[in-house]
Amino acid sequence: DAGVIQSPRHEVTEMGQEVTLRCKPISGHDYLFWYRQTMMRGLELLIYFNNNVPIDDSGMPEDRFSAKMPNASFSTLKIQPSEPRDSAVYFCASRWTAHTGQFFGPGTRLTVL
Amino acid sequence: DQQVKQNSPSLSVQEGRISILNCDYTNSMFDYFLWYKKYPAEGPTFLISISSIKDKNEDGRFTVFLNKSAKHLSLHIVPSQPGDSAVYFCAARAVGGADGLTFGKGTHLIIQP
């Protein structure tokens, strides 16, 4: 298996633009998580899905952030409009119900100018 | 308010010696603890975990110790090898709560030759 796949790996955009980050979880995993890593706050959970259904989005910072999981093999995290303080590395992770450890993708480094 | 704290941002250890990484937590509802290892430009990789019903878990060169009364856990790596140089994250999961993990800010372990 290729592991968790994220795209793009790097994104540079201007303030006010819409940004869409993509994730393909490991096949067969029924949980998907979105995290954000910053120097100030470390790794923070934004939202997670179970069987494609959002379970907890209390970590989503603002209404500008939204996430979807239309099927078991794809999820998106969208920021509209983006702001410079959204600059961070965004990680997607997935896991199988019977295993607590999560498998992380390589991350998307987002820079908002 | 950080619920998982790694108070040492960095640690330098000589190759062949023991590396001890520490982690403290404040939330009594945490019932499962994990250690992740992260190389630059990669996502965190699951290393080892421990349930709150145990006080020790060992996997090869890696051992995690849990002291529930002190709300403290530690990761021991022995002997330390150059490939162990990475950032190590402590993470915890709350019983009956969200399936997402709460992470510490990480400790950068540097193995000196």
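Residues numbered from 1 in each chain as written. Chains lettered and ligands numbered in written order. Predicted model: local features only at pLDDT ≥ 70, side-chain atom pairs only at ≥ 80, totals over all residues. Heavy atoms only, no water.

S.K.: Can you explain the overall build of chain B? Please cite residues and give values.
M.R.: In terms of regular secondary structure, chain B is built from zero helices and eleven strands. Starting at the N terminus and walking to the C terminus, you meet the elements of chain B as β-β-β-β-β-β-β-β-β-β-β. Compactness check: chain B gives a C-alpha radius of gyration of 13 Å against a globular reference of 13 Å for 113 residues, within 12% of the reference. With the C-alpha coordinates of chain B rotated into their principal frame, the extents come out at 45 × 30 × 20 Å. When the 113 residues of chain B are sorted by exposure, 46% land in the buried category. Long-range contacts, defined as pairs at least 24 residues apart, comprise 54% of the intrachain contacts of chain B with a sequence gap of at least 6. Within the structure as shown, chain B displays about 5,400 Å² of accessible surface, and the carbon and sulfur contribution to it stands at 49%. Averaging the coordinates of the 11 positive side-chain charges in chain B and doing the same for the 10 negative ones gives two points 3 Å apart. (Helix = DSSP H or I, 4+ residues; strand = E, 2+ residues; numbered from the N terminus. Rg over C-alpha atoms; globule rule 2.2 N^0.38 Å. Buried < 20%, exposed > 50% of the residue type's maximum accessible area, 1.4 Å probe, protein only. Contact = heavy atoms within 4.5 Å. Areas by Shrake-Rupley, 256 points an atom, 1.4 Å probe, with all protein chains shown as cover. Lys, Arg positive; Asp, Glu negative; His and termini not counted. Charge placed at Lys NZ, Arg CZ, Asp CG, Glu CD.)

S.K.: Mind laying out the interface of chain B and chain A, listing which residues take part and the relevant values?
M.R.: Residue-level contacts link 17 residues of chain B with 22 residues of chain A. For the chain B and chain A pair, buried surface summed over both sides reaches about 1,500 Å², with 59% attributable to carbon and sulfur atoms. Interface area lost by chain B to chain A is led by B:Pro44, B:Asp99 and B:Phe103, which between them contribute 31%. Between the two partners, chain B and chain A, sit zero salt bridges. Taken together, chain B and chain A are joined by four residue pairs in polar contact (both at pLDDT 80 or more). Only strand S4 (30–38) and strand S9 (86–94) of chain B provide two or more residues apiece to the side of chain B that touches chain A. It is S4(B) that contributes the most residues to the side of chain B that touches chain A, four residues altogether. Each residue belonging to the side of chain B that touches chain A can be placed in one class, and the counts come to ten nonpolar, two polar and five charged. (Buried area = accessible area lost by both parts, 1.4 Å probe. Salt bridge = Lys/Arg side-chain N within 4 Å of Asp/Glu carboxyl O. Polar contact = N/O pair within 3.5 Å; in protein donor to acceptor, adjacent residues only side chain to side chain. Nonpolar A, V, L, I, M, F, W, Y, C, P; charged D, E, K, R; others polar.)

S.K.: Before we move on, can you summarise the packing of aromatic side chains with the specific residues and values?
M.R.: For the structure shown, the criterion picks out 15 aromatic pairs over all chains. Pairing A:Phe104 with B:Phe103 gives two aromatic rings, centres 6.0 Å apart and planes at 80 degrees, and the pair type is edge-to-face. Within this pair, whereas A:Phe104 is found in strand S10 (residues 103–104), its partner B:Phe103 is found in strand S10 (residues 102–103), the two belonging to separate chains. There is no split in this pair, since A:Phe104 and B:Phe103 are both buried. Where B:Tyr36 meets B:Phe46, the ring centres are 5.9 Å apart and the plane angle is 70 degrees; that geometry is what we call edge-to-face. With B:Tyr36 in strand S4 and B:Phe46 in strand S5 (residues 45–51), this residue pair connects regions lying ten residues apart in the sequence. You can call B:Tyr36 buried: its relative accessible area is 0%. Overall, the relative accessible area of 25% leaves B:Phe46 in the partly exposed class. Joined through ring pairs, the aromatic side chains of A:Tyr31, A:Phe33, A:Tyr35, A:Tyr48, A:Phe91, A:Phe104, B:Tyr36, B:Phe46, B:Phe89 and B:Phe103 make up one cluster. (Phe/Tyr/Trp six-rings, centres within 6.5 Å; stacked < 30°, edge-to-face > 60°.)

Limitation: the analysis is restricted to geometry and does not speak to function.
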